[in-house]
Amino acid sequence: MMKPAPKNRIRLWAVLVWLALWQVGSLLLGESLLLPSPLAALARLAELAVTAGFWRAVGWSALRIIGGFLTACLAASALAVPAYRFRPVREFLAPAVACIKAVPVASFIILALVWLNSRQLSFFISFLMVFPPVYLAVLTGIGQADGKLLEMARVYRVPLWRQVRWLYLPAVAPHFRSAVSLGLGLCWKAGIAAEVIGLPGGSMGERLYMAKVYFQTADLFAWTAAIVAVSMAFEKVFLLAVNALLRKAGDEGAG
């Protein structure tokens, strides 16, 4: 029997070791312009975090990137159902999904700047990065629902909503969780990259670019840390919400 893959959990001791290595590297280099210490980056983040401009930039970027993520999840889930049911729909979507997966993010960003305003760019790019993994995950999950149980449900005329809750939802849920966890990381990286290239005013990507232009390395690390923190926080909240909804659906279905 195969053992389940170990969970890739972040441990405090591992984080502290990496911070210590960062500190050692900063001391050996001896040049804060190239590599500021962790304490310098943390101090600068604390300075930025008490300003209104910092939170406006965080909110501006988060609204668009998270909006693109949620829209992609809804669209991918909605399209996966007819794609599984009808082969022509699946075949029609296959080239687009393969193209989105294969084309470099930078190419999409540059092409999108031809069509879209820079303020819409991070939403669009986040949507593109999340759609393929969620679509394929939901498609795979639907296909792995127990065929014998589905046949029994049809014979006994079990209502469709009960089939969804008892049969399809448990099959799709593990694939969906994995896909959205991957998609969240992709959408934040791609969304911020789009902002760095498009430079929409008031965004986190613009702040990153300005820190690079003016050689404000501590600001660069501080904004990067803020992006990572916001991304991880939203991932935790979203996955907790997904788990809660699945438990509620299961409880109501059992009732």
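Residues numbered from 1 in each chain as written. Predicted model: local features only at pLDDT ≥ 70, side-chain atom pairs only at ≥ 80, totals over all residues. Heavy atoms only, no water.

When you look at the environment of glutamine 23 in this model, what are you seeing that I'm missing?
When you line up the elements, glutamine 23 lands in helix 1 (residues 12–29). Once the C-alpha coordinates of glutamine 23 and leucine 93 are considered, the two residues, 70 residues apart in sequence, prove to be 49 Å apart. Once you skip the residues sitting within four places of it in the chain, glutamine 23 turns out to touch Ser37 and Pro38. (Helix = DSSP H or I, 4+ residues; strand = E, 2+ residues; numbered from the N terminus. Contact = heavy atoms within 4.5 Å.)

When you look at the environment of arginine 119 in this model, what are you seeing that I'm missing?
If you trace the backbone, arginine 119 turns up in helix 6 (residues 118–143). Residue classification places arginine 119 among the partly exposed residues on the basis of a relative accessible area of 40%. Considered as a pair, arginine 119 and serine 26 are 93 residues apart in the sequence and their alpha carbons are 36 Å apart. Residues contacting arginine 119, with those up to four places away along its chain left out, are Trp60, Arg64, Pro200 and Gly201. (Buried < 20%, exposed > 50% of the residue type's maximum accessible area, 1.4 Å probe, protein only.)

Is there a simple way to explain the packing of aromatic side chains in this structure?
For any pair of aromatic rings, geometry is given as the distance between the ring centres together with the angle between the planes. Considering all chains together, one arrives at 8 aromatic pairs under this definition. On the numbers, 5.6 Å between centres and 10 degrees between planes, the contact of phenylalanine 131 with tyrosine 135 is stacked. Here phenylalanine 131 and its partner tyrosine 135 are both found in helix 6, 4 residues apart, which amounts to about one turn of the helix. Phenylalanine 131 sits in the buried class, given a relative accessible area of 8%. Among the aromatic residues, ring-to-ring pairing joins Phe54, Trp55 and Trp223 into one connected group. (Phe/Tyr/Trp six-rings, centres within 6.5 Å; stacked < 30°, edge-to-face > 60°.)

Help me out: how do you make sense of unusual backbone geometry in this one?
Backbone phi values are negative for most residues with the exception of glycine, while trans is the configuration of most peptide bonds. Phi at leucine 199 takes a positive value of approximately 55 degrees, unusual for a residue other than glycine. Within the element layout of this structure, leucine 199 appears in the loop between helix 8 (160–198) and helix 9 (204–213). The phi angle at phenylalanine 215 is positive, at roughly 55 degrees, despite the residue not being glycine. Looking at the element boundaries, phenylalanine 215 is found in the loop between helix 9 and helix 10 (217–254). Owing to a relative accessible area of 60%, phenylalanine 215 belongs among the exposed residues under this scheme.

I tried to follow the nonpolar core on my own but got confused; where do I start?
Nonpolar side chains in soluble globular proteins tend to be buried together. With 47 residues, the main nonpolar core has Phe69, Val134, Tyr135, Val180, Trp188, Met204 and Trp223 as its most contacted residues. Counting residues per element, this core draws most heavily on helix 3 (residues 52–85), at 12 residues. When residues no more than four places from it in sequence are discounted, the contact partners of valine 180 are Phe69, Cys73, Val134, Phe238 and Leu239. Counting residues in hydrophobic clusters, the runner-up holds 10 residues, among them Ile100, Ile125, Met129 and Ala194. (Core = buried A, V, L, I, M, F, W, Y, C linked by side-chain atoms within 4.5 Å.)

Would you mind going over the pattern of salt bridges with me for this structure?
Between side chains of opposite charge, a pair can form as their charged atoms come close. Within the structure shown, the criterion is met by 3 salt bridges. Arginine 44 is the partner of glutamate 47 in a salt bridge, and the nearest nitrogen-oxygen pair spans 2.8 Å. On the criterion of helical spacing, the pair formed by glutamate 47 and arginine 44 is a turn pair, its members being 3 residues apart in helix 2 (residues 38–49). The partly exposed category is assigned to glutamate 47, whose relative accessible area is 46%. Note that arginine 44 is salt-bridged to aspartate 219, the shortest N-O span being 2.6 Å. With arginine 44 in helix 2 and aspartate 219 in helix 10, the pair connects residues that are 175 residues apart, well separated along the chain. The exposure class assigned to arginine 44 is partly exposed, which follows from its relative accessible area of 25%. Judged by relative accessible area, which is 10%, aspartate 219 ranks as buried. (Salt bridge = Lys/Arg side-chain N within 4 Å of Asp/Glu carboxyl O.)

How do you make sense of helix 4 (residues 87–102) when you look at a structure like this?
The terminal C-alpha atoms of helix 4, which comprises 16 residues, lie 23 Å apart, in line with the 22 Å expected from a rise of 1.5 Å per residue. Of all the bends found along helix 4, the most pronounced is centred on alanine 94 and spans about 30 degrees, while proline 95, a proline, follows it within four residues. Along helix 4, the residues that are buried comprise Leu93, Val97 and Ile100. Buried-residue contacts for helix 4 involve helix 3, helix 5 (105–115) and helix 6. (Expected span 1.5 Å × (residues − 1). Bend = angle between axes of the 7 residues up to and from the residue.)

Got a minute to help me understand helix 2 in this structure?
Along its 12 residues, helix 2 runs 16 Å from first to last C-alpha, staying within 8% of the 16 Å computed at 1.5 Å per residue. Those residues of helix 2 that sit buried are Pro38, Ala41, Leu45 and Leu48. Around the axis of helix 2, the buried residues are gathered within 90 degrees of arc, so they sit on the same side. (Arc of directions from axis to C-beta.)

What's the story with the environment of threonine 217 in this structure? I'm lost.
Mapped onto the secondary structure, threonine 217 falls in helix 10. Each C-alpha atom, one on threonine 217 and one on alanine 145, is 51 Å from the other, the two residues being 72 residues apart in sequence. Setting aside chain neighbours within four positions, we find threonine 217 in contact with Ser32, Leu33, Leu34 and Pro36.

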